[in-house]
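Each chain, written out:
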There are 2 protein chains.
Amino acid sequence: MRIKILIRLKSQILEPQGKVIEQALNNLGFNEFNNIRQGKLIELDLPDNLSKEEKGQKIDSACKKLLVNDIIEEYEVLG
Amino acid sequence: MRIKILIRLKSQILEPQGKVIEQALNNLGFNEFNNIRQGKLIELDLPDNLSKEEKGQKIDSACKKLLVNDIIEEYEVLG
């Protein structure tokens, strides 16, 4: 099963890359796009024979141990 | 309305960063995680008064003109 992990900086942390994208989009005439923030997407396969709980535990553990810097980042799991 | 744009390299393109993550996770004992690929997440606000079609058009246009390199990347819009 394909899992998506979305990792973003916490909202109170400045994210300059998003500001640059926003400015570039504004310059191209896209004025409706606001509050743009860039983050990371990690996609991976997990075996189908794991239960939903096991999957959740493994993903949380991997995020805490390697993928996510808990001090400045937060994550969301999809799929 | 908050929109998520997931941008990933096309599957036939090598994505070394994902391989590094996979190796690091394996070294930590996470052997169930396979075929890891890292991509980009762009989140933005669009005005609620736009119709679903208008939103789709604007996002597609912004992706084609700035956000996505169509030659090597593909994108998916959520929310």
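Residues numbered from 1 in each chain as written. Chains lettered and ligands numbered in written order. Predicted model: local features only at pLDDT ≥ 70, side-chain atom pairs only at ≥ 80, totals over all residues. Heavy atoms only, no water.

A.B. asks: Quick question: what am I supposed to make of helix α2 (residues 52–67) of chain B here?
C.D. replies: For an α-helix, 3.6 residues make a turn, and residues three or four places apart therefore share a direction. Residue and element names in this part refer to chain B. Within α2 the residues assigned to the buried category are K55, I59, A62, C63 and L67. Buried residues of α2, viewed axially, fall in a sector of 100 degrees; they line one side. Looking at α2, the residues exposed on the side facing more than 90 degrees away from the buried face are E53, Q57, K64 and K65. (Buried < 20%, exposed > 50% of the residue type's maximum accessible area, 1.4 Å probe, protein only. Helix = DSSP H or I, 4+ residues; strand = E, 2+ residues; numbered from the N terminus. Arc of directions from axis to C-beta.)

A.B. asks: Quick question: what am I supposed to make of the relation of the copies chain A and chain B here?
C.D. replies: Here the second copy of the chain follows from the first by a rotation about an axis and a shift along it. Superposition of chain A onto chain B requires a rotation of 180 degrees combined with a translation of 0.0 Å along the rotation axis, giving an RMSD of 0.0 Å. Expressed as an axis order, the relation between the two copies is that of a two-fold axis. The C-alpha atom lying nearest the rotation axis in chain A is that of K40 of chain A; the distance is 2.4 Å. (Least-squares fit on C-alpha atoms with pLDDT ≥ 70 in both.)

A.B. asks: Would you explain the interface of chain A and chain B in this entry?
C.D. replies: How big an interface is tends to be expressed through the accessible area that disappears when the partners come together. Contacts between the two partners involve 35 residues from chain A and, on the opposite side, 35 residues from chain B. Both faces combined, the contact of chain A with chain B buries some 3100 Å², and carbon together with sulfur accounts for 67% of it. Among the residues of chain A in contact with chain B, E32, F33 and L41 of chain A are the three that bury the most area, contributing 19% of the side total. For the pair chain A and chain B, the number of links is six salt bridges. Where E76 of chain A meets K4 of chain B, a salt bridge forms, and the shortest distance between an N and an O atom there is 3.8 Å. Between chain A and chain B we count 14 residue pairs in polar contact (both at pLDDT 80 or more) in total. Counting only elements with at least two residues in the side of chain A that touches chain B, the list comes to β1 (2–9), α1 (16–27), β2 (34–45), α2 (52–67) and β3 (73–78) of chain A. Counting residues per element, the side of chain A that touches chain B draws most heavily on β2 of chain A, at twelve residues. The sheet contact formed by β2 of chain A and strand β2 (residues 34–45) of chain B spans nine bridges and is antiparallel. Bridged to N34 of chain A within β2 of chain B is D45 of chain B. (Contact = heavy atoms within 4.5 Å. Buried area = accessible area lost by both parts, 1.4 Å probe. Salt bridge = Lys/Arg side-chain N within 4 Å of Asp/Glu carboxyl O. Polar contact = N/O pair within 3.5 Å; in protein donor to acceptor, adjacent residues only side chain to side chain. Pairing = 2+ DSSP bridges.)

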